[in-house]
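# Per-entry structural report
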Amino acid sequence: MGSASNTPSAWQDALSAEDLCACAVRFLDGELDSFPGWGAPDVDEETDPLLATLKRCCQGGFLTVASQPAGAQRPGADGRMERRRAFVTGFASPGAVERIRSCLPAGLHLFAHPSSLTDLDLGLVVGERGGDAFLLAGAAAGPLELAFFAEEASAQATKDLSHWQFTSLIEEAWNRDDRLWCFLDQALGS
């Protein structure tokens, strides 16, 4: 990653959802050391191999706020075996949702909710440890995520973002990483 600077004004200076996407790319490049709602100056190490795809998503109108590679099955923090599904979640423009929906392959699940809807029971389990679910994705959590942007970004950009859909794309198969990330590169790449 590049040299980061503490410039929360970049988020405040954003005037549109597209500007927020540009800030997200700068964060992923290491040029900004803050991201609304994320309490760290950079991404988790497991996200490093996904950076190019996540940047393409943002450049293609899908402002990602959370993602997870599946990786191999492995012991979890408590020693029980853990398995994961690859996923990405964020705010997608109408055009991005349409591009994804129009060529969505079998084995990937798309959840696209109005950003005003909160229903945390929707979605799929994307993390299990010893057969117990510990992580869900695909829920309608737009208002919760928009609140993070309202704290750090301009009111105008946050309002614009609220017109996008809160979207999740989830791999159906456990511990499979090839399909989701390749699809996003193709669907949202330039």
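Quick note: structure is the one above.
Read on for an overview of the structure. Just so you know, these numbers come straight off a predicted model, no measurement behind them. (Residues numbered from 1 in each chain as written. Predicted model: local features only at pLDDT ≥ 70, side-chain atom pairs only at ≥ 80, totals over all residues. Heavy atoms only, no water.)

### A closer look at the environment of Leu28
Counted only if it meets this: The way it works is that DSSP assigns letters per residue, a run of H or I at least four long becomes a helix, a run of E at least two long becomes a strand, and they are numbered from the N terminus.
Relative to the helices and strands, Leu28 resides in helix α2 (residues 17-28). Taking the C-alpha atoms as reference points, Leu28 and Trp164, separated by 136 residues in sequence, lie 21 Å from one another.

### Examining a negative patch on the surface
What counts is decided by this rule: Residues enter patches when their relative accessible area tops 30% and they take part in no salt bridge; the joining distance is 9 Å for like charges and 5 Å for the nonpolar side chains Val, Leu, Ile, Met, Phe, Trp and Tyr. We get accessible surface area from the Shrake-Rupley algorithm with a probe of 1.4 Å; when it comes to residues, only the shown protein chains can shield them. By convention in these notes, a salt bridge is any Lys or Arg side-chain nitrogen within 4 Å of a carboxyl oxygen on Asp or Glu. Think of it this way: Lys and Arg go in the positive column, Asp and Glu in the negative one, and His and the chain ends go nowhere. Every charge is mapped onto a representative atom, which is NZ of Lys, CZ of Arg, CG of Asp or CD of Glu.
Taken together, Asp42, Asp44, Glu45 and Asp48 make up a surface patch of like negative charges. Here Asp48 is to be found in the loop between α2 and α3 (51-59).

### Details of the pattern of salt bridges
The criterion, for reference: The rule is simple: take the accessible area with a 1.4 Å probe, protein chains only, and divide by the maximum for that residue type; under 20% is buried, over 50% is exposed, in between is partly exposed.
One pass over the structure, following the stated rule, counts 11 salt bridges. Between Lys55 and Asp29 there is a salt bridge, with the nearest N and O atoms lying 2.6 Å from each other. Placement of Lys55 in helix α3 and of Asp29 in the loop between α2 and α3 is noted, with a sequence separation of 26 residues between them. The salt bridge partner of Asp178 is Arg176, with a shortest N-O separation of 2.7 Å. Take Asp178: its relative accessible area is 43%, and that puts it in the partly exposed class. By relative accessible area, which is 30% here, Arg176 ends up partly exposed.

### Thoughts on the environment of Ala86
Stated formally: Whether two residues are in contact is decided by their heavy atoms: any pair within 4.5 Å suffices.
Residue position: Ala86 is located in the loop between β3 (81-84) and β4 (87-92). Look at Ala86 and you get buried, because its relative accessible area is 0%. Apart from residues lying up to four places away in sequence, Ala86 is in contact with Gln68, Pro69, Ala70, Leu169, Ile170, Glu171, Arg176, Asp177, Leu180 and Trp181.

### Notes on helix α4 (residues 94-102)
We apply this condition: The arc in question is the one traced by the directions running from the helix axis out to the C-beta atoms.
If you check which residues of α4 are buried, you get Ala96, Val97 and Ile100. Viewed along the axis of α4, the buried residues span an arc of 100°, placing them on a single side of the element. In this structure, α4 carries Pro94 and Ser102 as exposed residues pointing more than 90 degrees from its buried face. Where α4 is buried, its residues touch β1 (62-68), β4, β5 (108-114), β10 (165-171) and α7 (178-188).

### With respect to the nonpolar core
As a reminder of what qualifies: The definition of a nonpolar core used throughout is a set of buried Ala, Val, Leu, Ile, Met, Phe, Trp, Tyr and Cys residues joined through side-chain atoms within 4.5 Å.
Core analysis: the largest hydrophobic core is formed by 46 residues, its most contacted members being Trp11, Leu20, Leu63, Phe149, Leu161 and Leu169. Per element, the largest residue contribution to this core is eight residues, and it comes from α2. With residues near it in sequence (within four places) discarded, Trp11 still touches Leu20, Cys23, Ala24, Leu32, Ser34, Phe35, Pro36, Phe149, Glu152, Ala153 and Ser154. Counting residues in each nonpolar core, the second largest holds five residues, with Phe87, Phe111, Val126 and Ile170 among its members.

### Examining the packing of aromatic side chains
The description of two aromatic rings rests on the distance between their centres and on the angle between their planes. Keep this limit in mind: Aromatic pairs are defined between Phe, Tyr and Trp rings, using the six-membered ring for Trp, whenever the two ring centres lie within 6.5 Å; interplanar angles under 30 degrees are classed as stacked, those over 60 as edge-to-face, and all others as tilted.
The full count for this structure, using the stated rule, is six aromatic pairs. Summarising the aromatic geometry, the rings of Trp11 and Phe149 are spaced 6.2 Å apart at their centres and angled 65° between planes, so their arrangement reads as edge-to-face. With Trp11 in helix α1 (residues 9-13) and Phe149 in helix α5 (residues 142-152), this pair connects stretches of sequence that are 138 residues apart. Accessibility expressed as a relative area gives 0% for Phe149, which makes it buried. Three or more aromatic residues link up through ring pairs in this structure, and these residues are Trp11, Phe27, Phe35, Phe91, Phe149 and Phe166.

### What to know about the packing of α2 against α3
Defined as follows: Whenever a helix is involved, its axis is fitted only over the stretch in contact; in every case the axis is a line through C-alpha atoms, and angles between N-to-C directions fall within 0 to 180 degrees. Working rule for angles: under 35 degrees goes down as roughly parallel, over 145 as roughly antiparallel, 65 to 115 as roughly perpendicular, anything else as oblique. Each crossing gets its hand from how the near helix is turned against the far one by less than a right angle, where anticlockwise is left-handed and clockwise is right-handed.
Where α2 contacts α3, the two axes come as close as 8 Å, and the packing angle between them is 165°. Classified by the angle between their axes, α2 and α3 sit roughly antiparallel to one another. In this structure, the crossing between α2 and α3 has a hand that is left-handed. Residue-level inspection shows Cys21, Ala24, Val25 and Leu28 of α2 in contact with α3, the latter providing Leu51, Leu54, Lys55, Cys58 and Gln59.

### Digging into the sheet that holds strand β2 (residues 74-75)
Note the threshold: Paired strands, as defined in this entry, are two strands with at least two bridges between them according to DSSP.
Pairing is antiparallel in the open sheet, where four strands are placed in the order β2-β3-β7-β8. The open sheet has two edge strands, β2 and β8 (132-137), and neither has a second partner. Direction of pairing for β3 relative to strand β7 (residues 124-129): antiparallel, over a ladder of three bridges. Looking across to β7, one finds that Arg83 is bridged to Glu128.

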